[in-house]
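Residues per chain are reported as follows:
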Amino acid sequence: MTASHDVPASDGPGIADLAAVRSDTPGCREQVFLDSAGSSLPPAPVLTTVIEHLRRESEVGGYRAAAERQDALEGGYGTFAELLGCAPDEVAFTDSATRSWLSLLDAIPFREGDRVLVGESEYAANAVALLRHAERFGTRLEVVPSDGSGQLDVAALRGRLDERVRLVSAVHVPTQGGLVNPVREITRAAHEAGALVMLDACQSVGQLPVRMDELGVDMLTGTGRKWLRGPRGTGFLAVRRSVLDHLAPRQIDHSGASWVAERAYRLRADARVLQLWETGIAERLGLIRAAEYLLELGVAQVATSVAWRAAHLRDALADLPGVRVHDLGERTCGIVTFTVTGVDPERVRDRLAERGVTVTVSTAASSRMDLPRRGLDAVVRASPHYFVTAEQLDACVAAVADLARVPGMSPRS
């Protein structure tokens, strides 16, 4: 990054050198990029890492190129351990957050009749997997309601916990709104009943401090492409060593186990038992570099910067006639959701794109238990990362204001 200088007060606290991170992010200059909750803009060091390794593969082949970067690949476990508050041997890499989540779910030795508790903000991929799991193995999927603020109701959770609850699936930050669930309280209650806690940190790692040693969760999953600003096709998981001893992974290959005799194998004793041998080496190196970049900036500084930007945008949108902000929770974060009266959210997204503002839409298809409960089919989702300026946030607000003022605007106009 370039030499440091102070950030103008108008761009909020947090990042010490906004100009440097914007210089590392060419894609943020010609647009107002507000989709880091979808797939963010990788910084230049990540892009360079990926491209240089692909180029090296073209020169010497994939095996030799990977061998040359073995130290960096091994060092990645320590990097993520530092980021996630765990030990290096509790970390594994995958090709997505979903793969990480499915691998852990599949490794838990459920018994018929075991109960699995989820919140109303459970994500579609997790919910579908759990429904399928219930069909195949006889587990029972049950929903814990939200409290008055919209977050998971910890008191209601306590009322549903008993010795039959094997797993509590917790979403740290929902895909369809800016609330932050009370993970420490959820974990404390679950552990008192002897249940495991698996945290979907897909929308929190990279914008919030997420540490297993502080949150107390047993398992954690995440992705590279969102707030972490890594490449697509990358994911990670972490599992406490004490829990790993009780898992029974089924989807293993010769990376997760050694073939020690013709009819014998030996499982790895660390989290990499859940990791497959084949992977995109360039992408994994890019993921590791993204984590290093975050640590260099400072996780707390990034969290402060993202929170300020989201609050700035949320407050300004809430002041616009014809615009309704839908974020819930006692604590909010970098996701801002809203609707414009009389305008379909997908049309809002497309019209904003014409003005150089990149947002996305969250639909009930990904949140069947939350958005319909609130009478919503879809919401516009804006997610400003630390490289977005206050001026760009104001440009987004102005574009939404113009859209809300258009007379006769209809969902199909």
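Predicted model only: the values in this text are computed from it and were never measured. (Residues numbered from 1 in each chain as written. Predicted model: local features only at pLDDT ≥ 70, side-chain atom pairs only at ≥ 80, totals over all residues. Heavy atoms only, no water.)

Caption draft 1: Representation of the sheet that holds strand β2 (residues 91-94) in the model. Taking strand neighbours across the sheet as the criterion, the 7 strands line up as β2-β8-β7-β6-β5-β3-β4 in an open arrangement whose pairing is mixed. Edge positions in the sheet fall to β2 and β4 (140-144), since each of these pairs with one other strand and no more. Adjacent strand axes in the sheet meet at a mean angle of 20 degrees when their direction is disregarded. Both β2 and strand β8 (residues 235-239) contribute to a ladder of 4 bridges, which runs antiparallel. (Pairing = 2+ DSSP bridges. Helix = DSSP H or I, 4+ residues; strand = E, 2+ residues; numbered from the N terminus. Axes fitted to C-alpha atoms, helices over the stretch in contact; angles between N-to-C directions.)

Caption draft 2: Inspection of the environment of A238 at higher detail. Considering the arrangement of structural elements, one finds A238 in strand β8. As for A238 and F93, which are separated by 145 residues in sequence, their C-alpha atoms are 8.8 Å apart.

Caption draft 3: Here's a closer look at the nonpolar core. In terms of nonpolar packing, the biggest core is built from 86 residues, with L34, F80, V168 and F338 touching the most fellow members. Leave out the neighbours within four places in its chain, and F80 touches V91, F93, L228, F236, L287, I288 and A291. Judged by nonpolar contacts, the second largest core, of 23 residues, contains A92, A107, F110 and A129. (Core = buried A, V, L, I, M, F, W, Y, C linked by side-chain atoms within 4.5 Å. Buried < 20%, exposed > 50% of the residue type's maximum accessible area, 1.4 Å probe, protein only. Contact = heavy atoms within 4.5 Å.)

Caption draft 4: A look at a nonpolar patch on the surface. The grouping of W259, Y265 and L267 at the surface amounts to a nonpolar patch, some 430 Å² of accessible area in total. Tracing the sequence through the fold places Y265 in strand β10 (residues 264-267). Residue classification places Y265 among the exposed positions, given a relative accessible area of 57%. (Patch = residues over 30% accessible without salt bridge, like charges linked within 9 Å, V, L, I, M, F, W, Y side chains within 5 Å. Areas by Shrake-Rupley, 256 points an atom, 1.4 Å probe, with all protein chains shown as cover. Salt bridge = Lys/Arg side-chain N within 4 Å of Asp/Glu carboxyl O.)

Caption draft 5: Structural detail: helix α13 (residues 345-354). Listing the buried residues of α13 in full gives P345, V348 and L352. Angularly, the buried residues of α13 cover 50 degrees about the axis, an arc narrow enough to put them on a single face. In the core, the buried residues of α13 are packed alongside β12 (336-340), β13 (357-358), β14 (360-363), β15 (378-382) and α14 (390-405). For α13, the N-terminal cap is D344; the gap from its side-chain oxygen to the backbone nitrogen of E346 is 2.9 Å. At the exit of α13 stands G356, carrying a positive phi of roughly 80 degrees. (Arc of directions from axis to C-beta. Polar contact = N/O pair within 3.5 Å; in protein donor to acceptor, adjacent residues only side chain to side chain.)

Caption draft 6: Main features of the packing of helix α11 (residues 281-297) against helix α12 (residues 299-318). Where α11 meets α12, the axes come as close as 5 Å, and the angle between the chain directions of the two elements is 85 degrees. Overall, the two elements α11 and α12 adopt an arrangement that is roughly perpendicular. Residue-level contacts link L294, L295 and L297 of α11 to V299, Q301 and V302 of α12. Class assignment of the residues belonging to the contact of α11 with α12 gives a composition of 5 nonpolar, 1 polar and no charged. (Parallel < 35°, antiparallel > 145°, perpendicular 65-115°, else oblique. Nonpolar A, V, L, I, M, F, W, Y, C, P; charged D, E, K, R; others polar.)

Caption draft 7: Here's a closer look at the side chain of D200. With respect to the helices and strands, the residue D200 is situated in strand β6 (residues 196-200). For the buried D200, no salt bridge exists, and the shortest N-O distance to an oppositely charged side chain is 8.7 Å, to K226. Side-chain polar atoms of D200 contact the backbone nitrogen of C202, separated by 3.0 Å. Aside from chain neighbours lying at most four places away, what touches D200 is Y123, N126, A170, V171, H172 and T221. (Lys, Arg positive; Asp, Glu negative; His and termini not counted.)

Caption draft 8: Focus on the pairing of β8. In terms of residue burial, β8 counts as a mostly covered element, since 5 of its 5 residues are buried. Neither face of β8 is left uncovered, since the one carrying G235, L237 and V239 and the one carrying F236 and A238 both have all their residues buried. Two strands pair when backbone bridges link them, and strand β7 (residues 219-223) and β8 are joined in this way by 5 bridges, in the antiparallel orientation. Bridged to M219 within β8 is V239.

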